[in-house]
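# Breakdown of the fold
The chain contents come next:
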Amino acid sequence: MPVVAWLAVGGAVAGAVVCGLLFGFVIPPDRGEENVVWVMPLYGAFVGFVAVLPAIVGFWAGLLSWTRTAARSVSSRAAVATLSAAGAALVFWAAVVTVTTGGYGTVLGLILGGLTAVVTVAIVAPATVRAARRADRAAVGA
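## Focus on a positive patch on the surface
On the surface, a cluster of positive charge is contributed by Arg130, Arg133, Arg134 and Arg137. Here Arg137 lies in helix α4 (residues 106-140). The class for Arg137 is partly exposed, based on a relative accessible area of 45%.

Rendered as C-alpha cells:
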C-alpha cells in the first residue's frame, strides 16, 4: 500500500480512536445525547483524515524536491519525506488555528499540529523506508 494511503488510513483511525474514547468515555455525554455517542468515532475518522491532508501535501513536496535522484540513500529519502510531512502538518495547523482565532488559539494550533505531526512521523518513516527499499530492489532487479 502506498505511503499516502497509509497516512490517510492512519489519520482516520487515530481520529476515530481519539474521538471515540474522548467523547464516549472520558467526557460523558450530556443528558439526551447518549444515543449518538456511536457517531463520534465516525466524526473523528473524518476529522483525522482531513487533519493529515496537509501532511500528504508536504510528503509529496518533499519527495518531489529531494528524492527523485536514484543516488539518494534510503535513510535520506525517509528522513526528508518524514520531516516534510510532519513539518507541513505542524505549520499548517498552527497557522490555520492562529489566523482563525485571531491569535488566541496559537497554543491549540500547536497542539493540534504537534499531534498530527506525531501521527505522521509514526506512519511515514517506516512506510517510506519500506517503499524506498522496494524501489531500490526493483531498480537493481533483485
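## Brief notes about a nonpolar patch on the surface
Taken together, the side chains of Val9, Val13, Val17, Val18, Leu21, Leu22, Phe23, Phe25, Val26 and Ile27 make up a nonpolar region of the molecular surface, amounting to roughly 880 Å² of accessible area. Tracing the sequence through the fold places Ile27 in the loop between α1 (3-26) and α2 (40-66). You can call Ile27 partly exposed: its relative accessible area is 40%.

## Topic: the packing of helix α3 (residues 74-100) against α4
Where α3 contacts α4, the axes come no closer than 7 Å and their chain directions differ by 160 degrees. Between α3 and α4, the angle is such that the two are roughly antiparallel. Two packed elements cross with a definite hand, and for α3 against α4 that hand is right-handed. Of the residues assigned to the contact of α3 with α4, the class counts are 19 nonpolar, nine polar and three charged.

## Comments concerning the packing of α1 against α4
Running from amino to carboxyl end, α1 crosses α4 at an angle of 155 degrees, the nearest separation of the two axes being 9 Å. On the basis of the axis angle, α1 is roughly antiparallel to α4. For the pair α1 and α4, the sense of crossing is right-handed. Here Val3, Trp6, Leu7, Gly10, Gly11 and Ala14 of α1 come into contact with α4, specifically with Val119, Thr120, Ile123, Val124, Ala127, Thr128 and Ala131. Here the contact of α1 with α4 is built from residues that sort into nine nonpolar, four polar and no charged.

Basis of the calculations
Residues numbered from 1 in each chain as written. Predicted model: local features only at pLDDT ≥ 70, side-chain atom pairs only at ≥ 80, totals over all residues. Heavy atoms only, no water. Patch = residues over 30% accessible without salt bridge, like charges linked within 9 Å, V, L, I, M, F, W, Y side chains within 5 Å. Areas by Shrake-Rupley, 256 points an atom, 1.4 Å probe, with all protein chains shown as cover. Salt bridge = Lys/Arg side-chain N within 4 Å of Asp/Glu carboxyl O. Lys, Arg positive; Asp, Glu negative; His and termini not counted. Charge placed at Lys NZ, Arg CZ, Asp CG, Glu CD. Helix = DSSP H or I, 4+ residues; strand = E, 2+ residues; numbered from the N terminus. Buried < 20%, exposed > 50% of the residue type's maximum accessible area, 1.4 Å probe, protein only. Axes fitted to C-alpha atoms, helices over the stretch in contact; angles between N-to-C directions. Parallel < 35°, antiparallel > 145°, perpendicular 65-115°, else oblique. Left-handed = near helix turned anticlockwise from the far one by under 90°. Nonpolar A, V, L, I, M, F, W, Y, C, P; charged D, E, K, R; others polar. Contact = heavy atoms within 4.5 Å.

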